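# Structural overview
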Amino acid sequence: MDSRIWKLILSCLGLCLSACQLIDPRGFIVSYESADQRFEQSLSWNDQHPHSALMSSLENYEIFAVSDIHVGGTTNLDLFLEQALLNQPKAVFMAGDLTTGHAEDYQRLYAALPPQDSLSIFPIPGNHDLYFGGWKQYRPLFGSSVYCFSIKTPEASDLYICLDNAGGTLGAKQLEWLKQVLLFERSQYRYCVLVNHNNWIRLRRMAATNPYVEELEVLLDLCLKHQVDVVISGHDHERHTAVFGNTRFITLDALSDTHPTPSYLVLSLSPDSISYSYRNL
Amino acid sequence: MINIRKVLFLLLLILASKFQVKPQLKLDYSMDLGQSNVSQGLYLSTALLAAYSLDKYTLDAGAQFQLQHPANKVFSAAEFAASRSFTIGKQALEVEAFFIHRNFSSLMFLTDWGLAVTMRMRHWQFDLGQDFKSYRVRERALSYETEGMVLRENFNLVYNLAYFVNSPEQPWNISLSLTNRDCFLINQETNPMLNLRAEMQVSSTMKVYLENWYKLAGSLNMSAHHFGYFIRTGLIWIPAFGN
């Protein structure tokens, strides 16, 4: 076919998708705010709303994690929340791509979430949550995209660090903060779990972006140096795991209504070990 | 290891004796000054690349040294490559095998090997290849009772699309390229970098160049964020050799 016809078809397709607000082409070139700006706003929110430690009366406890819900639809999210309310994990992580970035989807997501005292939910943004200026919707609802908290058992305490790499990078300031947290706080805890959206390791070919090699080198080195136990990510929409040093990298299935095999992660922590399983919806 | 050295030496000897042509040596010295999200301010590095060409064959070797960088590793990377040029019809092509070693940390390192084909035309250059990365834990980290020693990222696309203002014979040129490959580093295929390069022949044996690199993270996630920027300036010297 003539190359001009191809160009015309692609241009029309791009215009249609853009007009339907399915994609935000501006994001190819520039973000609405920088990673450093989101980090600073998050830290300022954390200062005013510090996380208190969660308590577990038992030594063994579970946490759940989901990713890539992509509200619009909330069928799978509702199913998952039913199971979470029934099982009462100590924490539920939502590892990014909660929405499509539109204000109405943020409102739909927020309406679907159970009351705060019934389930401890820890959201972080993904790249889709930043589309169409989505950070301006995320911030009033969830406040922060970078934070850490602990879960205390009778004998030990575990550290959970939630990171914002929705833009394909942590940014200079967040990376520095992470280094400081690991350097000064990691040794006080038994286990250390990191949660972020973009999966670090490119174990299969995918169109979506992972962190730059230079950033990945720094992150892997930090995990080795500070004995990070688990890194939970989404983004890839397909489950896979890898081990590097003593760190297990767990990538989650998507929970979106259109995903053929939606599942969530169950992380079981005990004094001897951390084990994990994927539970299909 | 000794056997490999012997084989390499023999291969070089055979190559040298087979072709009754002038060999050519090319030395490329460069300095990088830049900033990235992992550099904690400005970083400064220097590199030396040497290329030895004989007829259609070229062997490349180079090393990079960090002069100012938070990783605190002076020797930061090495690259080796072997290439052969040939023609299909009237189009000149070059096929290349390469190996990169990145010496980032005292606990781990990265190896990357692959193949690439380069097609240079009057105003355009296209490079296409595949690389295979391995992140490896060093033995020093074994005291941590390490479980996983290596992480592999296989079949990563290597590409370079460049436009040149002038044809290669001209004494100066300006080019703009979109690529995921730099000296000593190949990024994932979804992390393209922009490079604006100007070069000038200052004498029959010497060329100077200036490159501006911009790195954008997350652009293919449609959530583009600044990652880094650096300037590279360098000198290419092709001494009269083998006369």
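Below you will find a few notes about this structure. What you are looking at is a predicted structure, and each value in this text was computed from that prediction instead of being measured.

## Describing the overall build of chain B
Counting its secondary structure elements, chain B contains one helix and 14 strands. Contacts in chain B between residues far apart in sequence, at least 24 positions, make up 46% of those at least 6 positions apart. As displayed, chain B has an accessible area near 12800 Å², and 66% of this comes from carbon and sulfur atoms.

## Regarding the side chain of B:N173
Residues and elements named next belong to chain B. Relative to the helices and strands, N173 is located in strand β9 (residues 172-179). Overall, N173 belongs to the buried group, its relative accessible area being 4%. Separated by 2.8 Å, the side chain of N173 and the backbone nitrogen of N166 make a polar contact. Apart from the residues within four sequence positions on either side, N173 is in contact with R120, F164, V165, N166, S167, R197, A198 and E199.

## Quick notes on the sheet that holds strand β3 (residues 91-95) of chain A
Residue and element names in this part refer to chain A. A sheet is described by the order of its strands in space; here five strands give the open sequence β4-β3-β2-β11-β12, paired in mixed fashion. This sheet does not close on itself; its edge strands, each paired only once, are β4 (121-124) and β12 (274-280). Each adjacent strand pair in this sheet contributes to an overall mean axis angle of 20°, direction not counted. Relative to β4, β3 runs parallel, the two sharing four bridges. Residue pairing in the sheet places M94 in a bridge with P123 of β4.

## A few points about the interface of chain A and chain B
Facing the 54 residues of chain A at the interface are 49 residues of chain B. Contact with chain B buries surface across chain A, with A:R202, A:Y212 and A:E217 losing the most and accounting together for 18% of the total. Along the contact surface separating chain A from chain B lie three salt bridges. A salt bridge links B:E189 to A:R202, with the nearest nitrogen and oxygen atoms 3.1 Å apart. When residues of the side of chain A that touches chain B are traced back to their parent elements, those giving at least two are α2 (35-48), α6 (172-185), α7 (213-225) and β9 (240-244) of chain A. Counting residues per element, the side of chain A that touches chain B draws most heavily on α7(A), at ten residues. Classifying every residue of the side of chain A that touches chain B by side-chain character gives 26 nonpolar, 15 polar and 13 charged.

## A look at the sheet that holds strand β13 (residues 206-217) of chain B
Strand order in the closed barrel formed by twelve strands is β1-β2-β3-β4-β5-β6-β7-β8-β9-β12-β13-β14 (chain B), with antiparallel pairing between adjacent strands. Pairwise comparison of adjacent strand axes, ignoring direction, gives a mean angle of 20° for this sheet. Relative to strand β14 (residues 225-237) of chain B, β13(B) is paired through twelve bridges, and the arrangement is antiparallel. Of the residues in β14(B), the one forming a bridge with B:L216 is B:H226. Running at roughly 165° to strand β6 (residues 108-120) of chain B, α7(A) makes contact with β5 (91-102), β6, β7 (124-137), β8 (150-164), β13 and β14 of chain B of the sheet.

## Observations regarding the packing of aromatic side chains
Residues and elements named next belong to chain A. Within the structure shown, the criterion is met by 24 aromatic pairs over all chains. Considering the side-chain rings of F64 and F80, the 6.3 Å spacing of their centres and the 50° angle between planes classify their relative orientation as tilted. Residue F64 is found in strand β2 (residues 61-66), and its partner F80 is found in helix α3 (residues 75-87); the two are separated by 16 residues along the sequence. There is no split in this pair, since F64 and F80 are both buried.

## Points about helix α5 (residues 135-142) of chain A
Residue and element names in this part refer to chain A. Those residues of α5 that fall on the buried side of the exposure criterion are W135, Y138, L141 and F142. Along the axis of α5, the buried positions cluster into a sector of 135°, meaning they face one direction only. Looking at α5, the residues exposed on the side facing more than 90 degrees away from the buried face are K136 and P140. Check the buried side of α5 and you find it contacts α2, α4 (103-112) and β4. Just past α5, the residue G143 takes up positive phi, approximately 80°.

## A short note on unusual backbone geometry
Cis geometry is found at the peptide bond from A:V71 to A:G72, where omega equals -5°. Within the secondary structure layout, A:G72 lies in the loop between β2 and α3. At A:D68, a position not held by glycine, the phi torsion is positive, near 50°. Mapped onto the fold, A:D68 is located in the loop between β2 and α3. The backbone of B:F184 shows a phi angle near 65°, a positive value even though the residue is not glycine.

## A look at the packing of α6(A) against α7(A)
Residue and element names in this part refer to chain A. Orientation of α6 relative to α7, taken along the N-to-C sense of each, is 10°, at an axis distance of 11 Å. Taken together, the axis directions place α6 and α7 in an arrangement best described as roughly parallel. Counted together, L175, L178, K179 and L182 of α6 and V218, L219 and L222 of α7 form the full contact between these two elements. Class assignment of the residues belonging to the contact of α6 with α7 gives a composition of six nonpolar, no polar and one charged.

## Section: α6(A)
Residues and elements named next belong to chain A. Between the first and last C-alpha of α6 there are 20 Å, a value that for 14 residues agrees with the 20 Å anticipated at 1.5 Å per step. Residues of α6 that are buried: Q174, L175, W177, L178, K179, V181 and L182. Residues of α6 that are buried in the fold lie against α2, β5 (147-152), β6 (157-162), β7 (192-198) and α7.

## A look at the nonpolar core
Residues A:I161, A:L178, A:L194, A:W200, A:L220, A:F244 and B:Y135 are the most contacted members of the largest nonpolar core, which totals 45 residues. Considering each element in turn, this core owes the most residues, eight residues, to α7(A). Sequence-distant contacts of A:L220, defined by excluding residues within four places in its chain, comprise A:W200, A:I201, A:F244, A:F249, B:M108, B:Y135 and B:L151.

## A look at the environment of A:T100
Residue and element names in this part refer to chain A. With respect to the helices and strands, the residue T100 is situated in the loop between β3 and α4. The partly exposed category is assigned to T100, whose relative accessible area is 23%. Between the C-alpha atoms of T100 and G168, which are 68 residues apart in sequence, the distance is 17 Å. Apart from residues no more than four positions distant in its own chain, T100 is found in contact with V71, D105, H128, Y131 and F132.

Rules of the game
Residues numbered from 1 in each chain as written. Chains lettered and ligands numbered in written order. Predicted model: local features only at pLDDT ≥ 70, side-chain atom pairs only at ≥ 80, totals over all residues. Heavy atoms only, no water. Helix = DSSP H or I, 4+ residues; strand = E, 2+ residues; numbered from the N terminus. Contact = heavy atoms within 4.5 Å. Areas by Shrake-Rupley, 256 points an atom, 1.4 Å probe, with all protein chains shown as cover. Buried < 20%, exposed > 50% of the residue type's maximum accessible area, 1.4 Å probe, protein only. Polar contact = N/O pair within 3.5 Å; in protein donor to acceptor, adjacent residues only side chain to side chain. Pairing = 2+ DSSP bridges. Axes fitted to C-alpha atoms, helices over the stretch in contact; angles between N-to-C directions. Buried area = accessible area lost by both parts, 1.4 Å probe. Salt bridge = Lys/Arg side-chain N within 4 Å of Asp/Glu carboxyl O. Nonpolar A, V, L, I, M, F, W, Y, C, P; charged D, E, K, R; others polar. Phe/Tyr/Trp six-rings, centres within 6.5 Å; stacked < 30°, edge-to-face > 60°. Arc of directions from axis to C-beta. Parallel < 35°, antiparallel > 145°, perpendicular 65-115°, else oblique. Expected span 1.5 Å × (residues − 1). Core = buried A, V, L, I, M, F, W, Y, C linked by side-chain atoms within 4.5 Å.

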